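Coordinate inspection notes
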Amino acid sequence: MNAFEKNLLNKLLDKYESSKLSKGGTVVSRSIKLTIKDDVLSSYAASDSYKYADENDAVIKRLESKGFIKAEWNYDTFKSLVLVVENVDSLYEYLNRDKPANELNRIKEVLSKYKFDGFVSDFIDYIDEYINVKYDYPKSYFTDSKQLDQMLNVFVNLFKLENDTKKRDFSVKYLGDSKLFESLQCKIIKIIKDFDSIEYDTDEEILAAYNIVKNTSYALLKNKLVFKLNKCVIDLDELGFEYSLSDEMINQLEIIDSNVTKVITVENLTSFYSLSDENAVVIYLAGFHNHTKQLLLKKIFSTYPDAEYLHFSDIDAGGFWIYHTLKDKTGIPFVPYRMTVEELIDNKSNLKKLTENDKKRLNKMLTDDRFALFADTIKYMLDNNVKLEQEVLD
């Protein structure tokens, strides 16, 4: 089989696979046709076509004799050809090309291997319905059955993680390849964005929420807290500076009981430095909090369950999400700090306009009981087309 024949037949099957004929359409659907205007037959229209005409004609006549195509000729000049759909199965065998139906069956086999709750279950149901309705699969989410299997395996192991894990370590341990997770990451994130009810501001926040980190992360603290690392006791009031704790340090940290009555978590770094409350332990979470930072908060709460717990975020959809997940993941009764209508009114000169995505997220939150606490603030934001970054607050 020469290149002309192979390219011609593959082009026909490509058109067939994208047509209704291959997806349960009837024989009255439009035929699969190629003319000399198509690239694969362009040599017929070239100025030097005489060099190829005889050889190409022989190929077309041979394929016609095999029952794969029907050709149109104007006397001895080739014009066009159509695929003989009734013999398409034989053509797949002739080309040793896999039929789409085989891949769909493999995809269904992969789906049947996994049982999930929540949004991954919704994703699986979506694929199954997509196949049943369109006799195809959504290639924007995965390229083939093998990749789908790898991705669902990623989710199985993501949900098992209890500690922050670096991407490379996760990939080696669970996928047997140090770079495979990196190659799947964008598609994994797309599934989470499209099917999970939680919305995140960045891709890194999404991964951190599932305990995947690129590098060791840190929490910054200042004021009041006394804790022990190995044999070293650190009193933040005596130190007089903020203190940085790595993930490993948080795991080893032991809280020493002292006089703590208030804890404030802060979303943004500028606000962490500018917030002045000497009676409160102030903790910078670096945006979305990961598992280890949640562990730090749980350690503090177990020592000081009667303290006041406040969270300070931007007055926007992202800030509301961070507040909600902070309460949900830690079980600590956090109260919003300076995230009210009054703050918006008092800082009119620093307000920003909502984006279309902001409006979409805020409107969804209005109908979600989890954000009822912010209902008045959200209504004001939508009515006045405003939001506020916490850094501008005094």
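Keep in mind that this is a model prediction, so the values were computed, not measured. Numbering of residues starts from 1 in every chain and runs along the sequence as written. At least 70 in pLDDT is required for a residue's local features to be given in this predicted model, at least 80 for side-chain atom pairs to be given and counted, and no such filter applies to totals for whole chains, interfaces and linings, which use all residues. Excluding hydrogens and water, the side-chain values take into account all heavy atoms of the structure.

Regarding the sheet that holds strand E13 (residues 308–312)
Test applied: Only when DSSP finds a minimum of two bridges between them are two strands counted as paired. Under the DSSP-based scheme used, a helix requires at least four consecutive residues in state H or I and a strand at least two consecutive residues in state E, with every element numbered from the N terminus. By definition in these notes, contact holds between two residues if any of their heavy atoms fall within 4.5 Å. Only the contacting stretch of a helix is used when fitting its axis, a line to C-alpha atoms as for every element, and angles between N-to-C directions run 0 to 180 degrees.
Read across the sheet, 6 strands follow the order E9-E6-E12-E11-E13-E14 without closing on themselves; strand pairing throughout is mixed. Each end of this open sheet is capped by a strand with a single partner; those strands are strand E9 (243–246) and strand E14 (335–336). Relative to strand E6 (residues 218–222), helix H13 (residues 291–303) is tilted by about 35°, and along the sheet it contacts E6, E9, strand E11 (262–266), strand E12 (281–284) and E13. Helix-sheet contacts for helix H14 (residues 317–330) involve E11, E13 and E14, and the interaxial angle to E13 is about 150°.

With respect to the pattern of salt bridges
We apply this condition: By convention in these notes, a salt bridge is any Lys or Arg side-chain nitrogen within 4 Å of a carboxyl oxygen on Asp or Glu. Each residue gets one of three labels from its accessible area relative to the maximum for its type: buried under 20%, exposed over 50%, partly exposed in between, using a 1.4 Å probe on protein chains only.
This model, assessed by the stated rule, comprises 20 salt bridges. Note that Lys167 is salt-bridged to Glu182, the shortest N-O span being 4.0 Å. Here the residue Lys167 occupies a position in helix H7 (residues 167–175), and Glu182 occupies one in helix H8 (residues 180–195), the gap between them amounting to 15 residues. Overall, Glu182 belongs to the partly exposed group, its relative accessible area being 48%. Glu356 is the partner of Lys359 in a salt bridge, and the nearest nitrogen-oxygen pair spans 3.4 Å. You can see Lys359 and its partner Glu356 sitting in helix H16 (residues 356–366), 3 residues apart, about one turn around the helix. Under the relative-accessibility criterion, Lys359 is labelled partly exposed at 27%. Taken together, the salt bridges that share partners define one network made up of Asp14, Glu17 and Arg97.

Observations concerning the nonpolar core
As a reminder, the rule being used: By nonpolar core we mean a set of buried residues, namely Ala, Val, Leu, Ile, Met, Phe, Trp, Tyr and Cys, connected to one another through side-chain atoms within 4.5 Å.
In terms of nonpolar packing, the biggest core is built from 90 residues, with Leu152, Leu225 and Phe320 touching the most fellow members. Looking at which element gives the most residues to this core, the answer is H8, with 8 residues.

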